[in-house]
Amino acid sequence: MPREYGPVKPGRKWLKEGVARIVFFVLGRAFQSAARMDEGIRREVAQWEEGFRLAMRILPDGPSMGLTKRDGRIRYVGEGSVDADLVIRFKNIESAFLVLTPQMGSARAFAENRIGLVGDVARSMSFVRCLDRLLAYMYPAFICNRLVKRMPQIKRPFRRRLYLYVLGIPFGI
Amino acid sequence: MLPSSFEFHNPVKIISGYKVLDNLPYELSQMGAERPLIITDRGVVEAGLVRIVRSAFDSSGMTIGAVYDDVPPDSSVDTVNAIADVYRKNQCDSLVAVGGGSPIDTAKGVNILVSHEKGTLKDYMGADRLSGPLKPLVVVPTTAGTGSEVTLVAVIADTRDNVKMAFVSRHLMPDVALLDPRMTLTMPAKITASTGMDALSHAMEAWVGLQKNPLSDAHATAAITLIRHYLPLAIADGKDRTARLALANASCMAGAAFSNSMVGMVHALGHAAGAVCHIPHGVAMGIFLPHGLRYNLLKRADIIGELLLPFAGADIYAATPSAQRADRLIALLVEFQRFLKEKAGLPMRLKDAGVRDDQLGAIALKAINDGALMMNPAEMDMDDARRLLAEAF
């Protein structure tokens, strides 16, 4: 009796996708809020052109997150656009999970080719500097230290962290 | 130090040796091409090198579609557009770049345009925006420094908006690189020195950077050993074929190393200094290399110290305690700089290269936005960059 061979439909990693969606939401809202609150991020974002669109995507078919600069301010827009001006692409859900959970920093993830870029390289440098500052608000120093090359100096960390978690992330303000 | 994962991609066929240029028609025919466009610059023509390339086609039965020999020192969008028109008008089917960084980058830019049905160069700017594969591209370097024959990058100036557009894609990798020492025999000592320092900085930054991996390390250390030994010989006697071939190989290996491990702050500063003050890239590399290594000591002293073996040889390496190797390397590098200044007139300081004090701020601002900084081990912000530039001034 010959064996039957046919198509195989792979499953989905629902749990990791779910975690990624939540982290993308938190990251997007936190960025929106921190871009108003933190002078370092504000200075960087001021250099971005009006209408600039940034997306983070998990390849090949995972969740995504988008940020846009509108009226001089950064806004979290939910799903990221495929043809955004700068797209930061995780090559697979496992790599995304490592970075988003956060077990690995963005520089190391780039170095290990777990993340790829599409678009303007200079803007990506500016975004990474913003991300480093954002991480300093989002995580305690002992975690953040492992994710960034040098711990960013932030003012009033306790007050601002509180603001970010109580108002920034839940209400986007 | 082994990364938990890495990628190494180098699909370029590398052919190295005396008179290997005569393989050019064969290599083109292997890719189904029979009507190449040769892209080069006036300097290459005046050095008599295009004659050597043309004679390689004798008895081949092929037709050279056209020879575009007017590429400016900094390749520009206008030049790329003009050459793409020449390519189409003459029904060419492949490209041969003969020259240093500018003709090679220009050829990569032309390849983007002639391989895509529509769009302008700007539409493909940035990382990974190209769909491939592109038309066959053969590169014949006439300097030993850029490593462009094995890299996935092209930088082309948009003179109207005064910006340098970077293109990064695996599809930009040439198909074949022909390293023939005949093509570098006429290079003056100063250019030999500056391009040699460019190659050395590629190798050293690839070794030090966050993306280093066992394969890039092997290419980097082999390149450093060759440069240390043969660069002084090529400066002493430009006609030394062995030295020229060794440097061509070193430059190519250093290119493969940094194409897979990235460069770092030395290049970020060098690109910025080039953009603001128009100082030649190799000159900038020669100036910034020891400063960049010293800056990274805080994070990677052990790794930098290991470079003493390929750069100084086994005897000096073995006689130097491990804690002192990094400092010894930097001291020897400064000595090497002095040697190149004395024998070839290569500047050691920014002011000697024509940079003005009031330009340092603009260089710092450009440097911190340069993509090369991403893989540099130590963080460099605006204040750090200003401090380092003041030291190098």
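Residues numbered from 1 in each chain as written. Chains lettered and ligands numbered in written order. Predicted model: local features only at pLDDT ≥ 70, side-chain atom pairs only at ≥ 80, totals over all residues. Heavy atoms only, no water.

Take the UniProt feature "domain: Alcohol dehydrogenase iron-type/glycerol dehydrogenase GldA" (unreviewed entry) in chain B next. When the UniProt feature table is mapped to this numbering, "domain: Alcohol dehydrogenase iron-type/glycerol dehydrogenase GldA" (unreviewed entry) covers residues 11-181 of chain B. A helix fraction of 28% and a strand fraction of 23% characterise residues 11-181 of chain B, whose end C-alpha atoms lie 22 Å from each other. (UniProt positions renumbered as here; feature names shortened; annotations may be inferred. Helix = DSSP H or I, 4+ residues; strand = E, 2+ residues; numbered from the N terminus.)

Quick look at the interface of chain A and chain B now. Taken together, the contact pairs 24 residues of chain A with 26 residues of chain B. A buried area of about 2,100 Å², summed over both sides, lies between chain A and chain B, and 48% of it is on carbon and sulfur atoms. Our count for the chain A to chain B interface comes out at 3 salt bridges. The partner of D381(B) in a salt bridge is R150(A), with the nearest N and O atoms 3.2 Å apart. Linking chain A with chain B are 17 residue pairs in polar contact (both at pLDDT 80 or more), by the criterion used here. Listing elements by their share of the side of chain A that touches chain B, those giving two or more residues are α4 (106-111), β5 (115-119) and α5 (121-138) of chain A. In terms of residues, the side of chain A that touches chain B owes the most to one element, α5(A), which gives 8 residues. For the side of chain A that touches chain B, the residue count by class is 10 nonpolar, 4 polar and 10 charged. (Contact = heavy atoms within 4.5 Å. Buried area = accessible area lost by both parts, 1.4 Å probe. Salt bridge = Lys/Arg side-chain N within 4 Å of Asp/Glu carboxyl O. Polar contact = N/O pair within 3.5 Å; in protein donor to acceptor, adjacent residues only side chain to side chain. Nonpolar A, V, L, I, M, F, W, Y, C, P; charged D, E, K, R; others polar.)

Further remarks concern the layout of surface pockets. Considered as a void within the structure, the second largest pocket measures approximately 630 Å³ in volume. Lining the second largest pocket are 36 residues, and of these A107(A), R108(A), K149(A), L210(B) and P377(B) lie nearest its centre. At the level of elements, α4, α5 and α6 (141-147) of chain A together with α11 (297-305) of chain B are the ones that each hand at least two residues to the lining of the second largest pocket. Its residues assigned to classes, the lining of the second largest pocket comprises 18 nonpolar, 8 polar and 10 charged. (1 Å grid on protein atoms, 1.4 Å probe; cavity = no way out; pocket = protein on both sides within 12 Å on 5 of 7 lines; lining within 4 Å. Points joined across faces, edges and corners; volume = space filled by probe spheres on them.)

We now examine the sheet that holds strand β9 (residues 176-179) of chain B. Residue and element names in this part refer to chain B. One open sheet holds the 6 strands; their spatial order is β1-β9-β6-β4-β2-β3, and the pairing between them is parallel. Among the strands making up the open sheet, the edge pair consists of β1 (13-16) and β3 (66-68). Ignoring strand direction, the axes of neighbouring strands in this sheet form an average angle of 15°. In the sheet, β1 pairs with β9 via 4 bridges, with the strands oriented parallel. Note that in β9 the partner of I15 across the bridge is L178. Contacts between helix α5 (residues 101-115) and the sheet are confined to β2 (36-39), β4 (94-99) and β6 (137-141), with β4 contributing the most and set at about 165° to the helix. Lying on the sheet, helix α8 (residues 241-261) is in contact with β1 and β9; it crosses β9 at an angle near 155°. (Pairing = 2+ DSSP bridges. Axes fitted to C-alpha atoms, helices over the stretch in contact; angles between N-to-C directions.)

The next thing to look at is the pairing of β9(B). Residue and element names in this part refer to chain B. Every second residue of β9 is oriented toward a common face, with V176 and L178 on one face and A177 and L179 on the other, all of them buried. Both β6 and β9 contribute to a ladder of 2 bridges, which runs parallel. Residue pairing in the sheet places V138 in a bridge with V176 of β9. (Buried < 20%, exposed > 50% of the residue type's maximum accessible area, 1.4 Å probe, protein only.)

A few words on the packing of α11(B) against helix α14 (residues 325-344) of chain B. All names here are of chain B. At their nearest, the axes of α11 and α14 sit 8 Å apart, and the two run at 85° to each other. Taken together, the axis directions place α11 and α14 in an arrangement best described as roughly perpendicular. Contact residues: α11 offers L297, A301, I304 and G305, while α14 offers R325, A326, D327, L329 and I330. Split into classes, the residues belonging to the contact of α11 with α14 amount to 6 nonpolar, 1 polar and 2 charged. (Parallel < 35°, antiparallel > 145°, perpendicular 65-115°, else oblique.)

Looking at chain B as a whole, its pLDDT mean stands at 95, while 100% of the residues score no less than 70. Under the prediction, the complex receives an ipTM of 0.85, its pTM being 0.92. (pLDDT = per-residue confidence, 0-100.)

With that out of the way, let us pick up a positive patch on the surface. Together, R42(A), R43(A), K155(A), R156(A) and R159(A) make up a positively charged patch on the protein surface. Note on placement: K155(A) falls in the loop between α6 and α7 (157-171). (Patch = residues over 30% accessible without salt bridge, like charges linked within 9 Å, V, L, I, M, F, W, Y side chains within 5 Å. Areas by Shrake-Rupley, 256 points an atom, 1.4 Å probe, with all protein chains shown as cover. Lys, Arg positive; Asp, Glu negative; His and termini not counted. Charge placed at Lys NZ, Arg CZ, Asp CG, Glu CD.)

This brings us to the packing of aromatic side chains. This model, assessed by the stated rule, comprises 7 aromatic pairs over all chains. An aromatic cluster is present here, built from F31(A), W48(A), F52(A) and F127(A) joined pairwise through their rings. The ring of W207(B) is capped by K212(B), whose NZ or CZ atom sits 3.7 Å from the centre of that ring. In this structure, R228(B) packs its charged tip against the face of F311(B), placed 5.1 Å from the ring centre. (Phe/Tyr/Trp six-rings, centres within 6.5 Å; stacked < 30°, edge-to-face > 60°. Lys NZ or Arg CZ within 6 Å of the ring centre and 35° of its normal.)

Residues and elements named next belong to chain A. Here the bond from L59 into P60 is cis, since omega is -5°, no more than 30 degrees from zero. Looking at where P60 falls in the secondary structure, it is placed in the loop between β1 (53-58) and β2 (64-70). T101 connects to P102 through a cis peptide bond whose omega is -10°. You can see P102 is positioned in the loop between α3 (93-100) and α4.

It is worth spelling out the environment of T101(A) at this point. All names here are of chain A. Structurally, T101 can be placed in the loop between α3 and α4. Sequence separation between T101 and A30 is 71 residues; the distance between their C-alpha atoms is 15 Å. Looking at T101, its side chain comes within polar contact range of the main-chain oxygen of F97, at 2.3 Å. Within the structure, T101 has its side chain in polar contact with the side chain of Q103 (distance 2.9 Å).

Here D105(B) is to be found in helix α5. Apart from residues no more than four positions distant in its own chain, D105(B) is found in contact with S75(B), S148(B), V153(B), A154(B), V155(B) and I156(B).

The feature "domain: Fe-containing alcohol dehydrogenase-like C-terminal" (unreviewed entry), as annotated in UniProt, sits at residues 192-392 of chain B in this numbering. With 74% helix and 0% strand, the stretch residues 192-392 of chain B has end C-alpha atoms that lie 22 Å from each other.

Attention shifts here to empty space enclosed by the protein. Inspection of every chain in the model, using the stated rule, returns 5 cavities of 30 Å³ or more. Considering each element in turn, the lining of the largest cavity owes the most residues, 4 residues, to α5(A). By residue class, the composition of the lining of the largest cavity is 17 nonpolar, 2 polar and no charged. Its volume calculated, the second largest cavity comes out at about 50 Å³. In this structure, the second largest cavity is lined by E205(B), V208(B), G209(B), G264(B), V266(B), L289(B), G292(B), L293(B), N296(B), N376(B) and P377(B). Among the secondary structure elements, those contributing two or more residues to the lining of the second largest cavity are α6 (189-208) and α10 (281-295) of chain B. Here the lining of the second largest cavity gets 3 residues from one element, more than from any other, and that element is α10(B). A breakdown of the residues in the lining of the second largest cavity according to their chemical character gives 5 nonpolar, 5 polar and 1 charged.

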